[in-house]
Amino acid sequence: MVDSQSTPARQRPSIVSISSYLLFLFLALQVISLIITLSTFGQTRDALREAYAGSTTDGDQVADVFVVIGIGSSIVLLLLAVVLGVLALFNNQGRNAARITTWIVGGIMVCCVGGGLLSNAAGGFNAGGGNTGDGPSPEEIQRRLEEALPSWVSPVSNVLNVLSLITLITALVLLALPKANPFFRKQTAGWEPPTPGASYPGHPQAPGQPGYPQASGEPGYPSSGEPNYPPPPAGDRPDDTPPTDRPGSTPPSTS
């Protein structure tokens, strides 16, 4: 038997390719979300400053904190999405470690995106401690944000978050399907039958180690030119009748 030097080519299942495309789509959605956040952070800051204008709370500080948190969270999500995009490339190569890492990072992203959707459904921006003292209520802050921001920002952001969550969950489920398991299983070198007529060398001899020498003067196997063994004696022949040409083979004459 001869081990093949090359690993047989594996055909990538369609579900693995679709999963990678979905991860790339998730990355694109996060890029769009970050662009929207960066394009509206000025209006968001102004709305928060106006909301805290009549209170003892420093409106500039509150506005800066909320803007930094919003932009920072968007950047973190984008970086994690980039990691998923890189993992998608390794998933296409059948790397099982990349698939496991995709599940881990993807699970974190599902929690983050899902938490953002729940936060928006609960009232969007929520000023921590805004209802204490003479600060504005969360409802007042949300109303001012809706007035300051374009009308399309909130619905577009919600749609992007929903699409991102569906896309990511679908990609993770596709990687977990049993049909994808053989592609990520470690491949071993296959066996190829010997080709008829091909000669394969035996075990190589250690370098520098001499072979077994033949004793000097010792004859080898007899060749065809050497004499054969002598014929057996006449008495050992099957026919014991003596030949007539030998003396004493006929009785003497009596005449």
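These lines cover the structure that appears in this document, whether it is placed above or below.

Moving on, we come to the overall build of the protein. Counting its regular elements, the protein contains six helices and two strands. The order of helices and strands in the protein, counted from the N terminus, is β-α-α-α-α-α-α-β. Taking all 255 residues of the protein together, the buried fraction comes to 28%. Looking at the protein alone, contacts between residues at least 24 apart form 80% of all its contacts between residues at least 6 apart. If you sum the accessible surface of the protein, you get close to 17400 Å²; carbon and sulfur atoms cover 61% of it.

Tracing the chain through its elements places threonine 40 in helix H1 (residues 14-51). Residue threonine 40 is classed as buried on the basis of its relative accessible area of 8%. Those residues in contact with threonine 40 that lie beyond four places of it in its chain are Leu149 and Val153.

This next bit is on H1. Because the α-helix completes a turn every 3.6 residues, residues three or four places apart line up on one side. If you check H1, its first and last C-alpha atoms are 52 Å apart, about what 38 residues at 1.5 Å a residue would give, namely 56 Å. Along its length, H1 reaches its greatest deviation from straightness, about 50 degrees, at threonine 40.

Let us look at the packing of aromatic side chains. The full count for this structure, using the stated rule, is one aromatic pair. Between the aromatic rings of phenylalanine 183 and phenylalanine 184, the centroid separation amounts to 5.4 Å while the plane-to-plane angle is 80 degrees, which identifies the pairing as edge-to-face. Each member of the pair, phenylalanine 183 together with phenylalanine 184, is buried.

Scanning the model with the defined rule gives six salt bridges in all. Across the pair arginine 144 and glutamate 50 runs a salt bridge whose closest N-O atoms are separated by 3.9 Å. Here the residue arginine 144 occupies a position in helix H4 (residues 138-148), and glutamate 50 occupies one in helix H1, the gap between them amounting to 94 residues. Residue arginine 144 is classed as partly exposed on the basis of its relative accessible area of 25%. Salt bridges here are not isolated pairs; linked through shared partners, they connect Glu50, Glu140, Arg143, Arg144 and Glu147.

Quick notes on the rules
Residues numbered from 1 in each chain as written. Predicted model: local features only at pLDDT ≥ 70, side-chain atom pairs only at ≥ 80, totals over all residues. Heavy atoms only, no water. Helix = DSSP H or I, 4+ residues; strand = E, 2+ residues; numbered from the N terminus. Buried < 20%, exposed > 50% of the residue type's maximum accessible area, 1.4 Å probe, protein only. Contact = heavy atoms within 4.5 Å. Areas by Shrake-Rupley, 256 points an atom, 1.4 Å probe, with all protein chains shown as cover. Expected span 1.5 Å × (residues − 1). Bend = angle between axes of the 7 residues up to and from the residue. Phe/Tyr/Trp six-rings, centres within 6.5 Å; stacked < 30°, edge-to-face > 60°. Salt bridge = Lys/Arg side-chain N within 4 Å of Asp/Glu carboxyl O.

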